[in-house]
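# Report on the structure
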Amino acid sequence: MSSIGGRLKEERERLGQNQDEFGLMGGVKRNAQANYEKGERSPDADYLDAISKCGADVFFIITGERTSELLNSDEKELVSLFRQASLAVKMAAIA
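Here's a quick rundown of the structure. (Residues numbered from 1 in each chain as written. Predicted model: local features only at pLDDT ≥ 70, side-chain atom pairs only at ≥ 80, totals over all residues. Heavy atoms only, no water.)

### Examining the overall build of the chain
The condition is simple: Where helices and strands are cited, they refer to DSSP runs of H or I of at least four residues and of E of at least two residues respectively, numbered from the N terminus. Only C-alpha atoms enter the radius of gyration; for comparison, a globular chain is expected to reach 2.2 Å times N to the power 0.38, where N is the number of residues. Exposure categories follow from relative accessible area, calculated using a 1.4 Å probe and restricted to protein chains: below 20% of the type maximum is buried, above 50% is exposed, and the middle band is partly exposed.
Helix and strand counts for the chain come out as seven helices and zero strands. When its helices and strands are written in sequence order, the chain yields α-α-α-α-α-α-α. For 95 residues, the compact-globule formula gives about 12 Å, and the C-alpha radius of gyration of the chain, at 16 Å, lies well above that figure. In terms of its C-alpha atoms, the chain occupies a principal-axis envelope of roughly 45 × 25 × 20 Å. The proportion of buried residues among the 95 residues of the chain is 28%.

Pasting the structure below:
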């Protein structure tokens, strides 16, 4: 899907949400969500920020490029290991 609306729908479906649920996550009603997906309206920054906090890949929605595709295999492994690490290990790595 090449449009922002199409990618937004793809992200909603990837996250297993219907339009009502996804709209609620973004702070809008189903009608607004449907209009975003049809390309009749564009979501604002507050909406995009809200859905990003629920797991949506906003970079993908805007650009069509998945965030995970920006990392090479070593970087992906590092991020994966960091996410699995204990808080103490994370704090040491950041320090």
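Right, picking up where we left off after that structure.
### Focus on the nonpolar core
Put simply, the test is: Nonpolar core, defined: a set of buried Ala, Val, Leu, Ile, Met, Phe, Trp, Tyr and Cys residues in which side-chain atoms within 4.5 Å join the residues together. Contacts between residues were defined by any pair of non-hydrogen atoms, one from each residue, lying within 4.5 Å.
Ranked by size, the top nonpolar core spans 11 residues in total: Leu8, Phe22, Val28, Ala32, Tyr36, Tyr47, Leu48, Ile51, Ala56, Val58 and Ile61. The greatest single-element share of this core, amounting to three residues, is contributed by helix α4 (residues 45-52). Residues within four places of Tyr36 in sequence aside, it is in contact with Gly5, Leu8, Val28, Arg41, Ser42, Pro43 and Tyr47.

### Digging into helix α6 (residues 73-84)
Quick reminder of the rule: Every helix has an expected span of 1.5 Å times one less than the residues it contains. Definition of a polar contact: a pair of N or O atoms within 3.5 Å, with one able to donate and the other able to accept a hydrogen when the atoms are protein atoms, and with sequence-neighbouring residues admitted only if both atoms are side-chain atoms.
A rise of 1.5 Å per residue sets the reference length of α6, with its 12 residues, at 16 Å; its end C-alpha atoms lie 17 Å apart and thus fit the reference within 8%. Residue Asn72 occupies the N-cap position of α6, its side-chain oxygen lying 3.0 Å from the main-chain nitrogen of Asp74.

### Focus on the packing of helix α1 (residues 4-14) against helix α3 (residues 30-38)
Quick reminder of the rule: Structural elements are reduced to axes, namely lines fitted to C-alpha atoms, with helices fitted over the stretch in contact, and the angle between N-to-C directions of any two is expressed from 0 to 180 degrees. The labels follow the angle: roughly parallel below 35 degrees, roughly antiparallel above 145, roughly perpendicular from 65 to 115, and oblique for the rest. Residues were grouped as follows: Ala, Val, Leu, Ile, Met, Phe, Trp, Tyr, Cys and Pro as nonpolar; Asp, Glu, Lys and Arg as charged; and all remaining residues, including Gly, as polar.
Where α1 meets α3, the closest approach of the two axes is 6 Å, and the angle between their N-to-C directions is 125 degrees. One element, α1, and the other, α3, form an angle in the oblique class. Across from Gly5, Gly6, Leu8, Lys9 and Arg12 in α1, the residues of α3 making contact are Gln33, Tyr36 and Glu37. By residue class, the composition of the contact of α1 with α3 is two nonpolar, three polar and three charged.

### Re the pattern of salt bridges
Definition in use: Basic side-chain nitrogens of Lys or Arg form a salt bridge, by our definition, when they fall within 4 Å of a carboxyl oxygen of Asp or Glu.
For the structure on display, the rule yields six salt bridges. Residues Arg66 and Glu10 are paired through a salt bridge, measuring 3.4 Å at the closest nitrogen-oxygen approach. Pair noted here: Arg66 is in the loop between α5 (58-63) and α6 and Glu10 is in helix α1, with a separation of 56 residues, a long-range link. A salt bridge links Arg66 to Glu11; the nearest nitrogen and oxygen atoms lie 2.4 Å apart. Here Glu11 lies in helix α1 and Arg66 lies in the loop between α5 and α6, a separation of 55 residues in the sequence. Judged by relative accessible area, Arg66 falls into the buried class, the value being 17%. One salt-bridge network, held together by shared partners, links Glu10, Glu11, Arg14 and Arg66.

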